[in-house]
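Understanding the architecture of this molecule
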Amino acid sequence: METQLFPLLSIFFSIYLFAYFLVFRNWSPKIRPEASSCFISLFHGTPAVVLASRALFADENLTFSSVNTAAQNLALDYSIAYFLADLAHYIVFFPHDVLFIGHHLATLFVFITCRYLVAHGAFAILTLLILAEVTSACQNGWTLSGARRHDVEFAAKLYRVLSPPFYAFYSVVRGILGPLFVYNMVAYFVSGAADHVIPKWVWISWIIVVVSAISVSILWVWNLWVELFRERRASSSLEKKVR
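- Looking up the chain in an unreviewed UniProt entry gives the name TLC domain-containing protein, with the organism given as Acer negundo.
- Note on the chain: under the UniProt heading Subcellular location (unreviewed entry), the record states "Membrane".

Here's what the structure looks like:
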């Protein structure tokens, strides 16, 4: 089985090391690892959306259980390589961050089983990948600016400007589009239409991982909205007192 996984994995590790030792060499040791993780995410998110979109549009026989094409397998390998590199980052620097390590392991399970075990179902997995990564560029800009907002004035301004549109974009994608697609995905698999090529335990596992990830994402962005409104309310109250 032809794979591009190992060359792609070496590329992501090289990008991470380049970011850690050169791009962010003057940043605080506390935030250098997180910044380097964001850096490789920038090289994954938007390119992954482009790769996955092109691979799906080029396939004229798309169904939730259609056989993976070479282009779809490349898109899967690209994301597997990224998540393996970022998983190594968390294991080295944040070994107690069980949530993110668990997220990466679950995501890798879905990608790897789709790519190397059943070789079917890339339409579902890559569409979910697109929905997950389409907000990536905005999220990484928000994260990087947030990491420096307390010591760099421009970063603080950028963080404040990016927060509302990022939260809104993320909410629409993860709170509306994602659940709608998952509903159609569940309906297809429950009908038994894919059982001849994708074992039931595999697609059930996919659904559990996806629903869990979307639920956590919705909870995360909800908390961000709550924090934003709390800060705006506190700022407004302070201005009234000053006047």
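A closer look at the pattern of salt bridges
- Overall, the coordinates contain three salt bridges when judged by the stated rule.
- Linking Asp151 and Arg148 is a salt bridge whose minimum nitrogen-to-oxygen distance equals 2.8 Å.
- Across the pair Glu153 and Lys157 runs a salt bridge whose closest N-O atoms are separated by 3.5 Å. In this pair, Glu153 and Lys157 are both assigned in helix H7 (residues 153–190), four residues apart and thus about one turn of the helix distant.

Details of a nonpolar patch on the surface
- On the surface, a cluster of nonpolar side chains totalling about 460 Å² of accessible area is made up of Leu17, Phe18, Phe21, Leu22 and Val23.
- Structurally, the position occupied by Leu22 is in helix H1 (residues 5–23).

A few points about the nonpolar core
- Among the nonpolar cores identified, the biggest contains 60 residues, and Leu126, Met185, Phe189, Ile198 and Trp206 are the most heavily contacted of them.
- Only H1, helix H2 (32–57), helix H3 (70–93), helix H4 (98–118), helix H5 (122–133), H7 and helix H8 (200–242) provide two or more residues apiece to this core.
- In terms of residues, this core owes the most to one element, H3, which gives 10 residues.
- Ignoring anything within four residues of it in the chain, the contact list for Phe189 reads Phe64, Ala194, Asp195, Ile198, Trp203, Trp206 and Ile207.

Calculation criteria
Residues numbered from 1 in each chain as written. Predicted model: local features only at pLDDT ≥ 70, side-chain atom pairs only at ≥ 80, totals over all residues. Heavy atoms only, no water. UniProt positions renumbered as here; feature names shortened; annotations may be inferred. Salt bridge = Lys/Arg side-chain N within 4 Å of Asp/Glu carboxyl O. Helix = DSSP H or I, 4+ residues; strand = E, 2+ residues; numbered from the N terminus. Patch = residues over 30% accessible without salt bridge, like charges linked within 9 Å, V, L, I, M, F, W, Y side chains within 5 Å. Areas by Shrake-Rupley, 256 points an atom, 1.4 Å probe, with all protein chains shown as cover. Core = buried A, V, L, I, M, F, W, Y, C linked by side-chain atoms within 4.5 Å. Buried < 20%, exposed > 50% of the residue type's maximum accessible area, 1.4 Å probe, protein only. Contact = heavy atoms within 4.5 Å.

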